[in-house]
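In case you want the letters, here they are:
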Amino acid sequence: MAEEQKVKEKPDFGILKRLIASGWKYKNLFIGCVILAIVLAPLGAILPYLVKDIVDNHILINDIPGLYKKSYIFIGVLLANVLLRYYFLYATSDLGQSVVKDMRNTVFAKLVSLRLRYFDKTPIGTSTTRTISDIQAINEVFTQGVITIVADLLSIVAVLGVMFYTSWRLTIICLLVFPFLIIATRIFQEKVRISYNKVRTQLANMNAFLQERISGMRMVQIFNAEDRQAKKFREINHAYTGANLDSVFYYAVFFPVVELISALSLALLVWWGAGDYLNGKVSFGALVAFPLYLDLLFRPVRMAADKFNTLQMGLVAGARVYKIIDSDEIIPNTGQVKIDGLKGNIKFDKVGFAYDDENFVINDLSFELKAGETMAIVGSTGSGKSTIINILNRFYDIQKGNIFIDDIAIRDFEISALRKNIAIVLQDVFLFEGTVMENICLKDMSIDQNIVLKAAKDIGAHEFIEKMPGGYDFKITERGNNLSVGQRQLISFVRALVFDPHILILDEATSSIDPESELVIQHAIEKLIAKRTSIIIAQAYDHQTCGQNFSHG
Ligand SMILES: Nc1ncnc2c1ncn2[C@@H]1O[C@H](COP(=O)(O)OP(=O)(O)OP(=O)(O)O)[C@@H](O)[C@H]1O
Ligand SMILES: [Mg+2]
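Here the structure is a predicted model, which means the values were calculated and not measured. (Residues numbered from 1 in each chain as written. Chains lettered and ligands numbered in written order. Predicted model: local features only at pLDDT ≥ 70, side-chain atom pairs only at ≥ 80, totals over all residues.)

S.K.: Even after reading the chapter, I still don't get the environment of aspartate 406, so can you show me in this structure?
M.R.: Mapping aspartate 406 onto the fold places it in the loop between β4 (400–405) and β5 (408–409). Residues contacting aspartate 406, with those up to four places away along its chain left out, are Leu342, Lys343 and Asn345. (Helix = DSSP H or I, 4+ residues; strand = E, 2+ residues; numbered from the N terminus. Contact = placed C-beta atoms within 7 Å.)

Listed below in structure tokens is the structure:
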């Protein structure tokens, strides 16, 4: 949190370069946007000039045909302006969305490759925010930020140019109030930035709170904690509303102040301009055109504060997203070995491992398991049984000793080749939203459905799957909530069997299955492990699978 706060304070313009570089991939679109910005700038400024021209050179001298001709030009320029502005808006959004789409893919690809330790210490909400809202904020760097700010600057320069050309005296009168406008804008921009940060922090609080309560709804209700949680939510909601109102306050002050300043400017213009007109120093047309210029001049300045903030927030979000993209929190995949037909000899040699590099969960552990053998691990809760899976599969890297499979150190394997050879039935089965079939194959639809059916029959899961509406097409909801724990375990059994691994690990896999089904599975397991190197993990009280007792450090 403290770190995030720090990142928030200073936007890094190096990020801007990187973002623009990723926009450059859509070179044509990018150049198109820039050209449109350059063309649009003078086009807007021409309109008031045409008004002046029409007034001075046609209306005042009663030149009706000329008036018609200029009116057509006026309408033409107006239409061109509208049309180009449409293209400009569309193109900048297109550019932003394209960049952001690529970025989402990059971030997701990176996320799934990060090591589990990253997820141990990063709340789910944070990772979701990075892939969704932060990336959306980057979109606005393109639509609201860079290009439009440049476009606005260009149009200010163009308007000022035409103004000076029309009447430098009136221009200077108009510009007298500009310093005030700039000061007001600066103050507003700073205040709004701070209050936006507050809004974002409060929103993040609210999201985190909601996410946790919704996923733990059962606990909330079991402990009758509805009222307490609702009270907590009211507090968070109150803080969030307050932060929002704060930022609204600055808008409510700023816009009237800008109105006031521009009214002041208009008053000066009328007062001074009327005198100049009477003295013949400016034309009547110029007097008519100047209020129009004023509007063209004030509008971008008024919007600049907002746009600059959007840009800043986009850059801050960009910094956070790039932090994930650049993250080196991955398990180094430098191994080259890819063997499909492993024999499955497993050897732990003085292995030491700590999740946090300090508190060793596994100390000086050595054992050897020959291909085809079965080992049972029995131990009390928290003794490090599941951890053995984590390190064998390289979800985490060990700090001491070595683990060999077929006498090759596991870090010399290419990671996916290593994991392909090891199937695991985990203690807490995780199913994804999707059909039973998809969950078994994990979307690898090249798997022959007959193999799935056979595996399900072997395991004894076929019957209950067939009984569900839709059978193998039965839709499992998020996390497998609409199945019983035992059913989920059966499905994960089928999943492991389908992948036909050389090494099989069952982590308390039958703990939630009724004794009757367990007998069926027992038989299946025996068949399963007969051909494979197997590790069977059970808690100390388990009666079925007690083999050699297992202890360490
Ligand atoms: N992701 C993690 N990050 C930090 N510490 C962890 C992590 N997972 C487990 N631990 C710690 O490692 C120790 C061993 O955990 P492990 O899950 O291996 O136990 P276990 O023997 O499988 O227990 P159980 O029988 O309850 O499943 C525990 O003290 C636990 O607190
Ligand atoms: Mg465990």
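S.K.: What am I meant to see in the nonpolar core here?
M.R.: Most often, soluble globular proteins keep nonpolar side chains buried together rather than apart. Among the nonpolar cores identified, the biggest contains 61 residues, and Cys33, Ala37, Ile138 and Phe290 are the most heavily contacted of them. Contributing elements (two or more residues each) for this core: α2 (13–23), α3 (27–59), α4 (64–113), α6 (124–166), α7 (168–175), α8 (178–215), α10 (226–278) and α11 (284–325). A total of 17 residues in this core trace back to one element, the largest contributor, which is α11. Non-local contacts of isoleucine 138, meaning those with residues more than four positions away in its chain, are made with Leu19, Val100, Met103, Gly314, Ala317, Gly318 and Val321. Judged by nonpolar contacts, the second largest core, of 57 residues, contains Ile388, Ile398, Val452 and Ala461. (Core = buried A, V, L, I, M, F, W, Y, C linked by C-beta atoms within 7 Å. Buried ≥ 20, exposed ≤ 12 C-beta atoms within 10 Å, placed from the backbone.)

S.K.: Any chance you could explain the domain arrangement of the chain here in plain terms?
M.R.: Interface size, as often reported, equals the accessible area lost upon joining of the parts. Here the domain parsing of the chain yields domain 1 (2–325) and domain 2 (346–539). Just the C-alpha atoms count here: the centres of domain 1 and domain 2 sit 53 Å apart. (Domains from an automatic or database assignment.)

S.K.: Hey, could you run me through the sheet that holds strand β1 (residues 346–354) in this one?
M.R.: Within a sheet, neighbouring strands are paired by backbone hydrogen bonds and run either parallel or antiparallel to one another. Reading across the sheet, the four strands line up as β2-β1-β4-β5 and stay open at both edges, with antiparallel pairing between neighbours. For this open sheet the edge positions go to β2 (360–369) and β5, each flanked by a neighbour on one side alone. Relative to β2, β1 runs antiparallel, the two sharing six bridges. Within β2, the residue paired with phenylalanine 348 across the bridge is phenylalanine 367. (Pairing = 2+ DSSP bridges.)

S.K.: Please explain the sheet that holds strand β10 (residues 533–539) as it appears in this structure.
M.R.: As summarised here, the arrangement of the four strands in space is β3-β10-β9-β6, forming an open sheet in which the pairing is parallel. Of all the strands in the sheet, the pair left with one neighbour each is β3 (374–379) and β6 (422–425). Strand-to-strand twist across the sheet, computed as the mean angle between neighbouring axes with direction ignored, equals 15°. In terms of strand pairing, β3 meets β10 through six bridges, oriented parallel. Bridge assignment links isoleucine 377 to a residue of β10, and that residue is isoleucine 537. Helix α17 (residues 485–498) rests against β6 and β9 (503–507) of the sheet, and its axis sits at about 175° to β6. (Axes fitted to C-alpha atoms, helices over the stretch in contact; angles between N-to-C directions.)

S.K.: Please explain the packing of α2 against α6 as it appears in this structure.
M.R.: To describe two helices that pack against each other, one gives the angle between their axes and the distance between the axes. Between α2 and α6, the least distance of the axes is 11 Å, while the angle of their chain directions is 90°. The angle between α2 and α6 falls in the class roughly perpendicular. Taken together, the residues of α6 that come into contact with α2 (itself represented by Leu16, Leu19, Ile20 and Gly23) are Ile138, Val141, Phe142 and Val146. Of the residues in the contact of α2 with α6, the class split is seven nonpolar, one polar and no charged. (Parallel < 35°, antiparallel > 145°, perpendicular 65-115°, else oblique. Nonpolar A, V, L, I, M, F, W, Y, C, P; charged D, E, K, R; others polar.)

S.K.: It is not clear to me how the site of ligand 1 should be interpreted in this structure. Could you clarify?
M.R.: Not every one of the 13 residues close to ligand 1 is listed here, only the nearest: Tyr355, Thr381, Lys385, Ser386 and Thr387. Counting residues per element, the shell around ligand 1 draws most heavily on helix α12 (residues 385–392), at three residues. Within the shell around ligand 1, the residues separate by chemical class into two nonpolar, nine polar and two charged. (Near = placed C-beta within 6 Å.)

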